[in-house]
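A look at the structure
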Amino acid sequence: INDTDVRRDLPEQQLLGPPTDSGDWADIKGYAQAMGLGGGPEAQEYAETHRLKFRAESLARKRLRPDALAVMYGRGDSMEPRIHSGDAVLFDTTDTRPRDGHLYVIMVDGGGAAKEYQVKRCEVIDDLVFFKADNPRGDHNWRKPKRMDSPRHPIQVIGRVRWIGSWEE
């Protein structure tokens, strides 16, 4: 039987969020908004949304709350070979503290006053936080790592990447 048939007040059960129709699946908000894996698309204030289904048990095992997760789709080649153009990227909006080696969805200055979503890898050197491309030849804007606290172009962390869905060749 399900543990919720016996008790519903355990802390571990709260990680699952509100119950879904089937109980085995959790709805995760997906955005039609693409995010750059190189020169990124401009962030849209009202991006079209849809729902994706993930196994509630898998999310709970990773201690992820469905209401704090979102999916966007990558565009570009600066994060190859890890992320390819068209890959679905699930990220946790509550995990915004930069840690060395992890992938993050970030918001950076785009052209003019526009902001862009990007996926980049965090690198911490002597207490300074940088973000970099895995494939710097894939995007001329990310040939070198960029400091998070840059006075001219600060970087805002949106969430940590937790899952990447892609097709194999």
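An account of the accompanying structure is given in this report. Bear in mind that the values here come from a model prediction, so they are computed numbers and not experimental data.

Looking only at helices and strands, the protein features two helices and nine strands. From first element to last, N terminus to C terminus, the protein shows the α and β order α-β-β-α-β-β-β-β-β-β-β. Across the 169 residues that make up the protein, the buried fraction comes to 38%. When contacts within the protein are restricted to residue pairs at least 6 apart in sequence, long-range pairs at least 24 apart make up 60% of them. Carbon and sulfur atoms provide 47% of the accessible area of the protein, an area that totals close to 10,400 Å².

Under the defined criterion, the tally for this structure stands at nine salt bridges. Between Asp109 and Lys115 there is a salt bridge whose closest N-O contact spans 2.8 Å. For Asp109, a relative accessible area of 28% puts it in the partly exposed group. Through salt bridges that share partners, Asp95, Arg99 and Arg160 make up one connected network.

Here the focus is the side chain of Asp87. Within the fold, Asp87 resides in the loop between strand 3 (69-75) and strand 4 (88-92). A polar atom in the side chain of Asp87 sits 2.8 Å from the backbone nitrogen of His84. The contact partners of Asp87, leaving out residues within four places of it in the chain, are Met72, Tyr73, Gly74, Arg82, Ile164, Gly165, Ser166 and Trp167.

Moving on, we come to unusual backbone geometry. Pro81 follows Glu80 through a cis peptide bond whose omega is 15°. Looking at the element boundaries, Pro81 is found in the loop between strand 3 and strand 4.

Buried residues dominate strand 3, accounting for five of its seven residues. Across five bridges, the pairing between strand 3 and strand 4 is antiparallel. Bridge pairing in strand 4 links Val71 to Leu90.

For the rest of this paragraph, the subject is the environment of Gly30. In this fold, Gly30 is placed in strand 1 (residues 25-36). Taking relative accessible area as the criterion, Gly30 reaches 0% and is therefore assigned buried. Each C-alpha atom, one on Gly30 and one on Val89, is 9.4 Å from the other, the two residues being 59 residues apart in sequence.

With that settled, consider the nonpolar core. Counting residues in hydrophobic clusters, the biggest one holds 26 residues, and the most contacted among them are Ile83, Val105, Ile106 and Phe131. Those elements that place two or more of their residues in this core are strand 3, strand 4, strand 5 (103-109), strand 6 (115-125), strand 7 (128-132) and strand 9 (156-165). With six residues, strand 5 is the largest single contributor of residues to this core. Among residues more than four places away in sequence, those in contact with Ile106 are Glu116, Tyr117, Gln118, Lys120, Phe131, Trp142, Ile155, Gln156, Val157 and Ile158.

Calculation notes
Residues numbered from 1 in each chain as written. Predicted model: local features only at pLDDT ≥ 70, side-chain atom pairs only at ≥ 80, totals over all residues. Heavy atoms only, no water. Helix = DSSP H or I, 4+ residues; strand = E, 2+ residues; numbered from the N terminus. Buried < 20%, exposed > 50% of the residue type's maximum accessible area, 1.4 Å probe, protein only. Contact = heavy atoms within 4.5 Å. Areas by Shrake-Rupley, 256 points an atom, 1.4 Å probe, with all protein chains shown as cover. Salt bridge = Lys/Arg side-chain N within 4 Å of Asp/Glu carboxyl O. Polar contact = N/O pair within 3.5 Å; in protein donor to acceptor, adjacent residues only side chain to side chain. Pairing = 2+ DSSP bridges. Core = buried A, V, L, I, M, F, W, Y, C linked by side-chain atoms within 4.5 Å.

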